[in-house]
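# An overview of the molecular structure
Each chain, letter by letter, is given below.
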Amino acid sequence: MIAIGKYNQLRVAAKNSQGLSLTDGSEEVLLPLLEVSDDLAFGDDVDAFVYLNKDGNTVATLKEVFATADEFAYLQVVSVNDSGAFLDIGTDKDVFVPSKEQKRPMELGESYVVFVYLDEFSSKLLASSKVDQFVEHHNFDFEEGDAVDLLIVDKSDLGYNAIINNEFIGLLYHNEVFSNIEPGQRTTGWIKTIRIDGKIDLTLQPSGFGHILETKDYILEELKVVGEINLGDKSSPEEIYNRFQVSKSAFKKAIGGLYKERLITLSDYQITLVK
């Protein structure tokens, strides 16, 4: 069965005046003539996104769209009316966000992280910026320390909310962020803590002893080149991150290990290689 709002593996079945007929073996959908290239022939397999166009007809496109059904995405508002807002998804039919599904009123030209879904009654794609109601809060498929894909949602008093692996939601606390991040940004993060209440704390730094060893090696190699580094126990987290892209905690553990091995000497604001 051809899935609306998703990419489908389809085969070119026929050609008519309107375009190409694509089939999954049981159903057919039109690929409009404007999208038909000269290299497409009968029997070719294509990966096509299927949706309802402005006329309400089911059609296919070979374009790369910005989001499919059941995905979180960062989309731009292209028009607004009393009923809601329309977001550009990369097709000739924009995705509608009803006013009641807006976490805060959407503004023309601004972009928001939304969840895109298929309306079961109309088969039209809709979206919501109230992302909390579309995430899983149980059955996590990761453990503390695992690397995960993050989509930054928005900024709060505590930090940044982020979608984890397109399925869960977690929080990056302000004191865990040492570089500029923005809503809509995709990045790699790590699971710091899975709390009893099911909430997830995130970090942008890999954790664990292996990470400390890597940081030790990196600092030591740097010292072998420059001899001394103007960072120490009293240096700010921002200064440390800007130089080594690690948290102050990881940095202190790494230089503590090097000091115990008598490879460096330490002061509040300087590390020196022992010759």
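Before any of the text, the structure's been laid out above.
Here we summarise the structure given alongside this text.

Turning our attention to the pattern of salt bridges. Evaluation of the coordinates by the stated rule reveals six salt bridges. A salt bridge links Arg11 to Asp45; its shortest N-O distance comes to 2.7 Å. Here Arg11 is found in strand 1 (residues 7-16), whereas its partner Asp45 is found in strand 4 (residues 45-52), with 34 residues between them in sequence. A relative accessible area of 43% places Arg11 in the partly exposed class. The shortest N-O distance in the salt bridge between Asp201 and Arg195 comes to 3.5 Å.

On the surface, a cluster of negative charge is made up of Glu136, Asp141, Glu143, Glu144, Asp146 and Glu167. Tracing the backbone shows Glu136 in the loop between strand 10 (125-128) and strand 11 (147-155). Glu136 sits in the partly exposed class, given a relative accessible area of 36%.

Time to look at unusual backbone geometry. At Asn165, a position not held by glycine, the phi torsion is positive, near 50 degrees. Assignment of secondary structure puts Asn165 in the loop between strand 12 (159-164) and strand 13 (168-173). For Asn165, a relative accessible area of 29% puts it in the partly exposed group. Phi is positive for Asn166, close to 60 degrees, though the residue is something other than glycine. Note that Asn166 resides in the loop between strand 12 and strand 13. Overall, the relative accessible area of 34% leaves Asn166 in the partly exposed class.

The pairing of strands in a sheet comes from backbone hydrogen bonds and takes either a parallel or an antiparallel form. Strand order in the closed barrel made by the five strands is 11-12-13-15-14, with mixed pairing throughout. Each adjacent strand pair in this sheet contributes to an overall mean axis angle of 55 degrees, direction not counted. As paired elements, strand 12 and strand 13 share six bridges and run antiparallel to each other. For Ile164, the partnering residue across the bridge sits in strand 13 and is Phe168.

Core analysis: the largest hydrophobic core is formed by 20 residues, its most contacted members being Leu87, Met106, Val114, Val116, Leu125 and Ala127. Within the residue set of this core, elements represented by two or more residues are strand 4, strand 6 (71-80), strand 7 (84-87), strand 8 (95-98), strand 9 (111-118) and strand 10. Not counting residues up to four positions away in its chain, the partners in contact with Val114 are Glu71, Phe72, Ala73, Leu75, Leu87, Met106, Ala127, Ser128, Ser129 and Val131.

The next thing to look at is the environment of Val131. Note that Val131 resides in the loop between strand 10 and strand 11. When its relative accessible area of 5% is taken as the criterion, Val131 is described as buried.

Here the focus is the packing of aromatic side chains. One pass over the structure, following the stated rule, counts nine aromatic pairs. With 4.8 Å between their ring centres and 55 degrees between their planes, Phe72 and Phe115 make a pair best called tilted. With a gap of 43 residues between them, Phe72 in strand 6 and Phe115 in strand 9 connect regions that are remote in the sequence. Taking the centre distance of 5.6 Å and the plane angle of 15 degrees together, the rings of Phe140 and Phe142 count as stacked. You can call Phe142 buried: its relative accessible area is 7%. An aromatic cluster of three or more residues is present, and its members are Phe72, Phe115, Tyr117 and Phe134.

Within helix 2 (residues 237-244), burial applies to Ile240, Tyr241 and Phe244. With its buried residues spanning 95 degrees around the axis, helix 2 presents them on a single face. Phi turns positive, to about 55 degrees, at Gln245, one or two residues after helix 2.

About the criteria used
Residues numbered from 1 in each chain as written. Predicted model: local features only at pLDDT ≥ 70, side-chain atom pairs only at ≥ 80, totals over all residues. Heavy atoms only, no water. Salt bridge = Lys/Arg side-chain N within 4 Å of Asp/Glu carboxyl O. Helix = DSSP H or I, 4+ residues; strand = E, 2+ residues; numbered from the N terminus. Buried < 20%, exposed > 50% of the residue type's maximum accessible area, 1.4 Å probe, protein only. Patch = residues over 30% accessible without salt bridge, like charges linked within 9 Å, V, L, I, M, F, W, Y side chains within 5 Å. Areas by Shrake-Rupley, 256 points an atom, 1.4 Å probe, with all protein chains shown as cover. Lys, Arg positive; Asp, Glu negative; His and termini not counted. Charge placed at Lys NZ, Arg CZ, Asp CG, Glu CD. Pairing = 2+ DSSP bridges. Axes fitted to C-alpha atoms, helices over the stretch in contact; angles between N-to-C directions. Core = buried A, V, L, I, M, F, W, Y, C linked by side-chain atoms within 4.5 Å. Contact = heavy atoms within 4.5 Å. Phe/Tyr/Trp six-rings, centres within 6.5 Å; stacked < 30°, edge-to-face > 60°. Arc of directions from axis to C-beta.

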